[in-house]
Amino acid sequence: MSLVAVVGDGCTTTALGLAAAWPFGEPCLVAEFDPAGGCLAAWLDLPRSPGLADVAASSTPGSWATIQSMMQRARSGVEALVAPTRALEAAAVVAAATTSVLPVLAALESPVVIADGGRLRGSLSALVLQAGVVVIAHRQHSGSAAAAALGLERVAELSSLLAVRSIPTVVALIGARPYTAAEVADFVLADTVVALADDPWAAAVFAGRAGSAVRLRRSPLLRSFAELASVVSVRLRHHRPDSSWQPPYDGRSIAERS
């Protein structure tokens, strides 16, 4: 199983960053399963078709050959399966693809599929439940400790649900304030917390703005994506040991526990 589900804040940037920094020699692709609408076509300057909608509408949506034929390669080299941009169409396409396309992607040994699942709304999505690893991208509210604590409580609740299902989980923490990665790791129920640099310039380049490729490679954000990709790659290939399991999130805030 080589499916990585990326959900939460800034999940499209995180998915693209993971693909850009994925360990050399391990092929990967990015697929959009965000029912709120896709961004990859615009960000990567790709046509809106072919993509996930074309796979779902085909006569063989459960065929890897069909899925491959609908993928596009960006100038950066990223292989992408793009979703419709409009929410109404995207929601219908993702719902259809969940029963036909997703099981094929989840069963692949290679390439690694990095799937942008958007923000989770309510219950765990089918994408998350079929993933080998879930990455929860979370941006801290640096200007308000109370708002930051509330956001982390929601991350803790989600990671607790994933832990109950023995789904390896990595939190990608954007921003170093008001809580450090070590403090967050003591609070949320995740296998690992990786700090991502709060680097607006590099994030904008990932989102389609023109920028120097050399400067991007040297950026703090890409360096932190390399750390995240290394952690996720290892987690994807190894089961979490039983000794790492902890009791689920107990409802106390991070401020109460720190």
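Everything below is about the structure shown above.
Criteria and thresholds
- Residues numbered from 1 in each chain as written.
- Predicted model: local features only at pLDDT ≥ 70, side-chain atom pairs only at ≥ 80, totals over all residues.
- Heavy atoms only, no water.
- Phe/Tyr/Trp six-rings, centres within 6.5 Å; stacked < 30°, edge-to-face > 60°.
- Lys NZ or Arg CZ within 6 Å of the ring centre and 35° of its normal.
- Pairing = 2+ DSSP bridges.
- Helix = DSSP H or I, 4+ residues; strand = E, 2+ residues; numbered from the N terminus.
- Contact = heavy atoms within 4.5 Å.
- Axes fitted to C-alpha atoms, helices over the stretch in contact; angles between N-to-C directions.
- Core = buried A, V, L, I, M, F, W, Y, C linked by side-chain atoms within 4.5 Å.
- Buried < 20%, exposed > 50% of the residue type's maximum accessible area, 1.4 Å probe, protein only.

We now examine the packing of aromatic side chains. How two aromatic rings sit relative to each other is set out by the distance from centre to centre and by the angle between their planes. Counted according to the given criterion, the structure contains 0 aromatic pairs. The ring of tryptophan 201 has arginine 215 lying over it, and the distance from NZ or CZ to the ring centre is 3.9 Å.

Sheet architecture is open: 8 strands sit in the order β3-β4-β2-β5-β1-β6-β7-β8, paired in mixed fashion. Lying at the two open borders of the sheet, with one neighbouring strand each, are β3 (72-73) and β8 (192-196). As judged from the 5 bridges shared by strand β1 (residues 3-8) and strand β6 (residues 133-139), these two strands associate in the parallel manner. Directly across from alanine 5, in β6, lies its bridge partner valine 134. Contacts between helix α7 (residues 145-164) and the sheet are confined to β1, β6 and β7 (169-174), with β6 contributing the most and set at about 175° to the helix.

Right, let's talk about the nonpolar core for a bit. Core analysis: the biggest nonpolar cluster contains 46 residues, and Phe33, Leu52, Val134 and Val188 have the highest contact counts within it. A total of 8 residues in this core trace back to one element, the largest contributor, which is helix α5 (residues 87-107). Counting 41 residues, the second-largest nonpolar core is a separate cluster that includes Ala74, Val170, Ala202 and Leu236.

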